[in-house]
Amino acid sequence: MKQPTRREFIGTAALLASATAASAALPLTPMQKNYPVVHHVFFWMKNPDSKADRDQLVAGVKTLSKIKAIKALHVGVVADTEKRDVVDHSWGVSELMFFEDLAAQASYQDDPIHLEFIKNCSHLWEKVIVYDIAEA
């Protein structure tokens, strides 16, 4: 293996230093800075062909935005993206929530609005999968 010349070594070191400084200067998004706990839920519908059921579940999920512990809420449905082995199009509705900390996420679980949502909407889904994520 050829040893780099002094000029090559200094050039490489300068390039690495500038790349490191540039990446460190990238600002954190508001979600990363303020809300490091993410709660992502996927719902599989009992009647996947029923737009009325899907719309009812979407409306129900949106009621959760009234819970004070939730700092941001995104409700979505399956996007009509290309079919690939790594893309799961089998679910129907998704909720993505952001929390300040794990205690806030835990308090959400027992919030009366959340419990009411489950009571009013659980008949619409056949399966739920939750991914809880903490900032690394």
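Note that this is a predicted model, so its numbers are computed, not measured.

**Here's the deal with the confidence of the model for the protein chain**
Turning to step 1, where the next piece is worked out: A residue-level look at the protein chain finds 76% of positions with pLDDT of 70 or above and a mean pLDDT of 85.
Turning to step 2, where the next piece is worked out: Within the model, pLDDT remains below 50 along residues 12-24, and this stretch shows zero contacts once partners closer than five positions in the same chain are excluded.

**Here's the deal with the packing of aromatic side chains**
Turning to step 1, where the next piece is worked out: Per the counting criterion, the structure on display carries six aromatic pairs.
Turning to step 2, where the next piece is worked out: Taking the centre distance of 6.2 Å and the plane angle of 80° together, the rings of phenylalanine 43 and phenylalanine 117 count as edge-to-face. Pair noted here: phenylalanine 43 is in strand β1 (residues 37-45) and phenylalanine 117 is in helix α5 (residues 112-121), with a separation of 74 residues, a long-range link.
Turning to step 3, where the next piece is worked out: The ring of tryptophan 44 has lysine 127 sitting right over it, with the charged end atom 4.4 Å from the ring centre.

**Section: α5**
Turning to step 1, where the next piece is worked out: Every buried residue of α5 is accounted for by His114, Phe117 and Cys121. Looking down the long axis of α5, one finds its buried residues gathered within 55° of arc, a one-sided arrangement. Seen from the buried face of α5, the exposed residues on the opposite side, beyond 90 degrees, are Pro112 and Lys119.
Turning to step 2, where the next piece is worked out: The inward-facing, buried residues of α5 contact β1, α3 (51-62), α4 (102-109) and β4 (125-134).
Turning to step 3, where the next piece is worked out: The distance from a side-chain oxygen at the start of α5 to the backbone nitrogen of isoleucine 113 is 2.8 Å, and the residue carrying that oxygen is aspartate 111.

**What to know about the sheet that holds β4**
Turning to step 1, where the next piece is worked out: Here we have four strands laid out as an open sheet, ordered β2-β3-β1-β4, and antiparallel in their pairing. With partners counted over all chains shown, the strands left at the sheet margins are β2 (72-77) and β4, one partner each. Each strand of the sheet is rotated relative to its neighbour by a mean of 15°, with strand direction disregarded.

**A closer look at the side chain of histidine 114**
Turning to step 1, where the next piece is worked out: Inspection of the secondary structure assignment puts histidine 114 in helix α5.
Turning to step 2, where the next piece is worked out: Among the residues examined, histidine 114 registers a relative accessible area of 8% and is labelled buried.
Turning to step 3, where the next piece is worked out: Among the polar contacts made by the side chain of histidine 114, one reaches the main-chain carbonyl oxygen of glutamine 109 at a distance of 3.0 Å.
Turning to step 4, where the next piece is worked out: Residues contacting histidine 114, with those up to four places away along its chain left out, are Leu64, Ile67, Tyr108 and Gln109.

**A short note on the layout of surface pockets**
Turning to step 1, where the next piece is worked out: Roughly 160 Å³ of internal volume is contained in the largest pocket.
Turning to step 2, where the next piece is worked out: Tallied by class, the residues present in the lining of the largest pocket amount to six nonpolar, three polar and three charged.

**Quick notes on the side chain of glutamine 105**
Turning to step 1, where the next piece is worked out: Summarising the element assignment, glutamine 105 is placed in helix α4.
Turning to step 2, where the next piece is worked out: With sequence-adjacent residues up to four places away left out, glutamine 105 is seen in contact with Val37, His39, Phe99 and Asp132.

Conventions adopted
- Residues numbered from 1 in each chain as written.
- Predicted model: local features only at pLDDT ≥ 70, side-chain atom pairs only at ≥ 80, totals over all residues.
- Heavy atoms only, no water.
- pLDDT = per-residue confidence, 0-100.
- Contact = heavy atoms within 4.5 Å.
- Phe/Tyr/Trp six-rings, centres within 6.5 Å; stacked < 30°, edge-to-face > 60°.
- Helix = DSSP H or I, 4+ residues; strand = E, 2+ residues; numbered from the N terminus.
- Lys NZ or Arg CZ within 6 Å of the ring centre and 35° of its normal.
- Buried < 20%, exposed > 50% of the residue type's maximum accessible area, 1.4 Å probe, protein only.
- Arc of directions from axis to C-beta.
- Polar contact = N/O pair within 3.5 Å; in protein donor to acceptor, adjacent residues only side chain to side chain.
- Pairing = 2+ DSSP bridges.
- Axes fitted to C-alpha atoms, helices over the stretch in contact; angles between N-to-C directions.
- 1 Å grid on protein atoms, 1.4 Å probe; cavity = no way out; pocket = protein on both sides within 12 Å on 5 of 7 lines; lining within 4 Å.
- Points joined across faces, edges and corners; volume = space filled by probe spheres on them.
- Nonpolar A, V, L, I, M, F, W, Y, C, P; charged D, E, K, R; others polar.

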